[in-house]
Every structure is written in structure tokens, then in C-alpha cells.
Amino acid sequence: MREFWYHFTNGLFGENPVLKLMIGLCSVLAVSVRVDNCLGMGAAVIFVLTCSSLVISLIRNFVPNEVRIPIFIVVISTFTTIVDLIMKAYLPPLSKAMGIFIPLIVVNCIIMARAEAFASRKPPLHAVADALGMGVGYTLVITAIGIVRELFGYGEILSHPVFPSSFQGMMAMVLPPGAFLLIGIYIAILNWSLRRGK
């Protein structure tokens, strides 16, 4: 249980995919304008990452080294297709808002990196712990960015007005540079808190 917790918390702080590894930024910049988009994308990444890591870990000893990457892509694309079809069927507005970024989970650096570097070399329980940690870490960061961008860009949270109707949104928060700025601020906060903790 201690190792499970270690691998899980590593994805939150030690190797956070956005703030430490700096991977998967394309979807962070594009989707994090609204909080509901962030939560939907985070849930999709957690599902695909966890399920694909579990399957890859289970079949790791049976996959020839020469074809491991194509096999990983097939596994990841299977779960990505499941998420995409479920969102189109039950959450069409969210699916439309996220557009191409749900199908692009197949080639998301976070998913591929964890499949290659971790799930293909570790037992299933450790692979699931790592996948959950990475997925939750990604979701927390993208949601934290989305809250600030939606609040100061539109004056809303989850499409509910927070500021008076006279509020003029900050255009920088609606555009990708606002997300870059927030990522930099969050990296500084995380590094400061980790150093202080030591």
C-alpha cells in the first residue's frame, strides 16, 4: 500500500505532468478556458490513462519489443474511442466544446510517456497508481487554470456570473498566453512549496 501511495503522490507533486514534466500542454492551453471543459478533459484523461496503463501492464510480458509502440497506440485508441463516443452520446455540448482534443488523447504525451516509461515495466497495481496520480495531477492543474481563466476572462465560474454585468473580461485570460502565464505562476508556487517542505 505504501508503494501505491508513493506512485500516486508522485504524479501529483514529484512528476506532475504539467508543472514538472511539461507534457500535454496543448490540451491545457486549448481547453482550460472554461471549468466544465477542464473537468471533462480531466475525467477523459484519467479514464484513458488508467485503463490503458492497466491493460499495458497486464500484457507487457507478451508484447514483442519491436511492436510495443503500435500495440500501445491500439490499446490507448480503444479507450479514447470509448470516451469520445460516450461524450458524443451523453454530453454533446461538452464534446462539441472540446472538439478535436478528445480524439487527440491517443497521441497525448502524458498517455504515451507513462505507457512507455512506466506501465510497460511495472506490475498492474503500480501502473494503476501511477496512472491515477498523473491523471489527477493533470486534472487539478488544468482545473486550477480554468477557474482563474473563466473568472477573469468571463467573470463567471461554471457559467454562473460572479462579477457584476459591467465587468470587462481580461482578453489575456481568454487567449493561450493567459494559460502560459498561469502555468508559470503555478510552477513557481509548486517549487516554492516543495523547497519549503524539505
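Look above for the structure.
First, a word on scope: everything that follows refers to the structure included in this document. (Residues numbered from 1 in each chain as written. Predicted model: local features only at pLDDT ≥ 70, side-chain atom pairs only at ≥ 80, totals over all residues. Heavy atoms only, no water.)

1. Comments concerning the state of the cysteines
Evaluated as defined, the whole model comprises zero disulfides. Here C38 stays free of any disulfide, with the sulfur of C26 as its closest cysteine sulfur at 14 Å. This cysteine, C109, is not joined by any disulfide, and C26 carries the nearest cysteine sulfur, 8.9 Å off. (Disulfide = S-S within 2.5 Å.)

2. Brief notes about the packing of helix α7 (residues 124–154) against helix α9 (residues 176–197)
Two numbers describe how α7 lies on α9: the axes approach to 10 Å, and their chain directions differ by 125°. Between α7 and α9, the angle is such that the two are oblique. α9 is crossed by α7, and the crossing has right-handed handedness. Contact residues: A144, I145, V148 and R149 in α7; P176, A179, L182, I183 and Y186 in α9. Taken together, the residues of the contact of α7 with α9 sort by class into eight nonpolar, no polar and one charged. (Axes fitted to C-alpha atoms, helices over the stretch in contact; angles between N-to-C directions. Helix = DSSP H or I, 4+ residues; strand = E, 2+ residues; numbered from the N terminus. Parallel < 35°, antiparallel > 145°, perpendicular 65-115°, else oblique. Left-handed = near helix turned anticlockwise from the far one by under 90°. Contact = heavy atoms within 4.5 Å. Nonpolar A, V, L, I, M, F, W, Y, C, P; charged D, E, K, R; others polar.)

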